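# Per-entry structural report
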Amino acid sequence: MATVSERRAPAAQPLPAAFFAREVLTVARELIGCVLAHGPCRGVIVETEAYHQSEPACHAYIGRTPRTATLYGPPGRAYVYRSYGIHALLNAVCEPEGVGAAVLIRALYPLQGIELMAQRRRTSDRLSLCSGPGKLSQALGIDLSLNGSSLRGGPIRIYPRHPRFREPELVRGPRIGISKATELPWRFAIANCKYVSKPWPWRRSFV
DNA sequence: CATGGGATTGACT
DNA sequence: GTCAATCCCATGC
């Protein structure tokens, strides 16, 4: 008879840089269900958006500047920037080095470190702990100093979806909070998930 | 050097 | 539904 330790899956390694070096839309889709960790806090990624230098909603659209240097750098690093003067938004840099592209992590299903998250967010409502890009950064303690850090060997890590969790059913739609390239359906989320930043007003479309 | 625009959120009408 | 908070950085003079 198999023991518990034999039955348990081996400890997962963070996603390799090669995972992020692919097309940003592919990475945005496949990051759904993966686990984001910082310190004692962990959560399942339930919502993402893709950004690419070829479209004007992406910061990298203007070319390489001090601000966008991280976006054009090697894949598998964190691009963290300040939004509206208040919030730190976390992205995963994608595509080969030299291409400006990233996936914005927009919402998590909290797994571990929930008490600390609640303390930082000043709420105990689990649904609103990480249901937005600014919220999840606050909950996990992610700030601008982590811009450029590795998502594999740095303080922030992203782990693959646990094998015993089945592949999530996804929905897809236009990105939120942007004024340019609003027609692109580059937002992804787990279908019917209550932990996303905003519900899907449109009819469900499967990926 | 001055200005303006946000990949958001929470409080309020 | 409206709106302000607040800061980094790109742009233009």
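This text follows the structure it describes.
About the thresholds
Residues numbered from 1 in each chain as written. Chains lettered and ligands numbered in written order. Predicted model: local features only at pLDDT ≥ 70, side-chain atom pairs only at ≥ 80, totals over all residues. Heavy atoms only, no water. Helix = DSSP H or I, 4+ residues; strand = E, 2+ residues; numbered from the N terminus. Buried < 20%, exposed > 50% of the residue type's maximum accessible area, 1.4 Å probe, protein only. Contact = heavy atoms within 4.5 Å. Near = heavy atom within 4 Å. Polar contact = N/O pair within 3.5 Å; in protein donor to acceptor, adjacent residues only side chain to side chain. Nonpolar A, V, L, I, M, F, W, Y, C, P; charged D, E, K, R; others polar. Phe/Tyr/Trp six-rings, centres within 6.5 Å; stacked < 30°, edge-to-face > 60°. Core = buried A, V, L, I, M, F, W, Y, C linked by side-chain atoms within 4.5 Å.

By the element assignment, Pro-133 lies in helix 6 (residues 133–140). In this structure Pro-133 comes out as buried when scored by relative accessible area, which is 11%. Residue contacts for Pro-133: discarding those within four places in its chain leaves Ala-88, Leu-89, Leu-104, Ile-105 and Arg-106.

Taken together, 20 residues surround DNA strand B, and among them Tyr-81, His-87, Asn-91, Arg-121 and Gly-177 come closest. Counting only the atoms of DNA strand B that lie within 4 Å of the protein, the sugar and phosphate share comes to 52%. The separation between a base nitrogen of DNA strand B and a polar side-chain atom of Tyr-81 is 3.1 Å. Separating a phosphate oxygen of DNA strand B from a backbone N or O atom of Pro-133 is a distance of 3.2 Å. For the surface near DNA strand B, the secondary structure elements donating two or more residues are strand 3 (78–83), strand 4 (87–93), strand 5 (101–112) and helix 6. Its residues assigned to classes, the surface near DNA strand B comprises nine nonpolar, eight polar and three charged.

The geometry of an aromatic ring pair is captured by two quantities: the separation of the ring centres and the angle between the planes. For the coordinates displayed, the defined rule picks out three aromatic pairs. On the basis of an interplanar angle of 20° and a centroid distance of 5.4 Å, the ring pair of Tyr-79 and Tyr-81 is categorised as stacked. For the pair shown, Tyr-79 and Tyr-81 are each scored as buried. Taking the centre distance of 4.8 Å and the plane angle of 90° together, the rings of Tyr-109 and Tyr-195 count as edge-to-face. Here Tyr-195 lies in the segment after strand 8 (187–190) and Tyr-109 lies in strand 5, a separation of 86 residues in the sequence. The class for Tyr-109 is partly exposed, based on a relative accessible area of 32%. For Tyr-195, a relative accessible area of 16% corresponds to the buried category.

Ranked by size, the top nonpolar core spans 53 residues in total, and within it Phe-20, Leu-31, Leu-36, Ile-105, Leu-140 and Ile-158 carry the most contacts. Looking at which element gives the most residues to this core, the answer is strand 5, with six residues.

What follows is about the side chain of Glu-55. Secondary-structure assignment places Glu-55 in the loop between strand 2 (41–52) and helix 4 (69–72). Ignoring any residue separated from it by four or fewer positions in sequence, one finds Glu-55 in contact with Ala-50, Tyr-61, Arg-175, Ala-181, Leu-184 and Trp-186.

Three- or four-residue spacings in an α-helix give side chains the same orientation, since the helix completes a turn every 3.6 residues. Within helix 6, six of the eight residues are buried, which leaves it mostly tucked inside the rest of the structure. For helix 6, every residue scored as buried is listed here: Pro-133, Gly-134, Leu-136, Ser-137, Ala-139 and Leu-140. Buried residues in helix 6 make contact with strand 1 (35–38), strand 2, strand 4, strand 5 and helix 5 (114–121). Gly-141 lies just past helix 6 and shows a positive phi near 75°.

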